[in-house]
Amino acid sequence: MPKLTIAIDGPAGSGKSSVARLVASALGYLYLDSGAMYRALALKALDHGVPLGGEQELARLANETHIELKPPTAQQEKLGIKNRVFLDGKEVTENIRTPEVAQGASRLATIALVREVLVAEQQRAGAGGGIVMEGRDIGTVVFPKAELKIFLEASPEIRAERRWKEHQEKDENITLAQVLEEVRERDKRDRERKVSPLVRANDAVLVDNTAMDAAETARLIIMLAHERDRELTAAAGRKP
Ligand code: CDP
Ligand code: CDP
């Protein structure tokens, strides 16, 4: 099977990371969580006291920052961790998963100069194909020519509940109402921003997984990938 580029976009808690990882591992593809890059940069900005609205300062920070994503260890995988994140060589896998960092990421993600730096890195990482990349603008901006684009949706209530359960498992003291508020606020900012807003690409398949688990959703996407591959192989065969 030739190696496709698969773009999965969608709002917070729609299941992108879980589903993208399952799809990548079933197809033997790379997996890249672009949101982890925005989160890692937000963590650095928060730690260094860089204002989250400061365009030039944040662009400089993005250029000076080295973010690396790696597969989880077996033990991390058991805890539900989908990838390891390193910020300037230091592991920040857990530190970037707080509501504060999520909000910070969504604020600096509105800045065009910051996006330019991270998008260029994502394009370099996915240049060879054979990758499942997930985020907000993968099908619209990062890989507009991706062979398969999925827009993953689920109701805000179920998305907040999924995130809340994760906080519960980590004994974090946050109510479901607070998580729902965080998710709604971030979705609104992500959908309404001027640069690369969260929007379904015209050619993306809309998958609503409100009533599906991650494994079922992944099976559906794997089926779509095989179908897309057959179409591309048939089209290549028809060429003179
Ligand atoms: O990456 P994104 O924010 O879109 O979502 P995620 O981190 O993959 O999923 C959030 C939580 O929802 C995880 O704990 C998943 O296991 C869970 N989930 C689910 O229960 N049902 C799905 N169909 C997808 C994800
Ligand atoms: O896991 P969850 O869906 O909650 O968020 P994430 O994918 O880790 O992304 C965190 C934030 O980064 C989002 O709320 C977006 O503002 C931003 N982001 C983006 O703008 N573009 C991307 N390709 C990925 C994330």
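Scroll up to find the structure.
None of the values given here were measured: they were computed from a predicted structure.

**Quick notes on the overall build of the protein**
Counting its regular elements, the protein contains 10 helices and 8 strands. When its C-alpha atoms are laid out on the principal axes, the protein stretches across 60 × 40 × 35 Å. Each of the 240 residues in the protein was classed as buried or not, and the buried ones make up 49%. Here the protein displays about 12,000 Å² of accessible surface, and carbon together with sulfur accounts for 53% of that area.

**Some words on the sheet that holds strand E3 (residues 67–70)**
Taken in spatial order, the 3 strands line up as E3-E4-E5 in an open sheet, and their pairing is antiparallel. Looking along the sheet, the strands with just one partner apiece sit at the ends: E3 and strand E5 (90–91). Relative to strand E4 (residues 84–87), E3 runs antiparallel, the two being bridged by 4 bridges. When the bridges of E4 are listed, Lys70 appears paired with Arg84.

**Thoughts on the nonpolar core**
Residues Leu58, Ile96 and Leu108 are the most contacted members of the largest nonpolar core, which totals 35 residues. Counting residues per element, the ones that place at least two in this core are helix H2 (34–47), helix H3 (55–64), E4, helix H5 (99–108), helix H6 (112–125), strand E6 (131–135) and helix H7 (138–142). The biggest single contributor to this core is H2, with 8 residues. Counting residues in each nonpolar core, the second largest holds 20 residues, with Val19, Ile222, Leu224 and Ala225 among its members.

Conventions used here
Residues numbered from 1 in each chain as written. Chains lettered and ligands numbered in written order. Predicted model: local features only at pLDDT ≥ 70, side-chain atom pairs only at ≥ 80, totals over all residues. Heavy atoms only, no water. Helix = DSSP H or I, 4+ residues; strand = E, 2+ residues; numbered from the N terminus. Buried < 20%, exposed > 50% of the residue type's maximum accessible area, 1.4 Å probe, protein only. Areas by Shrake-Rupley, 256 points an atom, 1.4 Å probe, with all protein chains shown as cover. Pairing = 2+ DSSP bridges. Core = buried A, V, L, I, M, F, W, Y, C linked by side-chain atoms within 4.5 Å.

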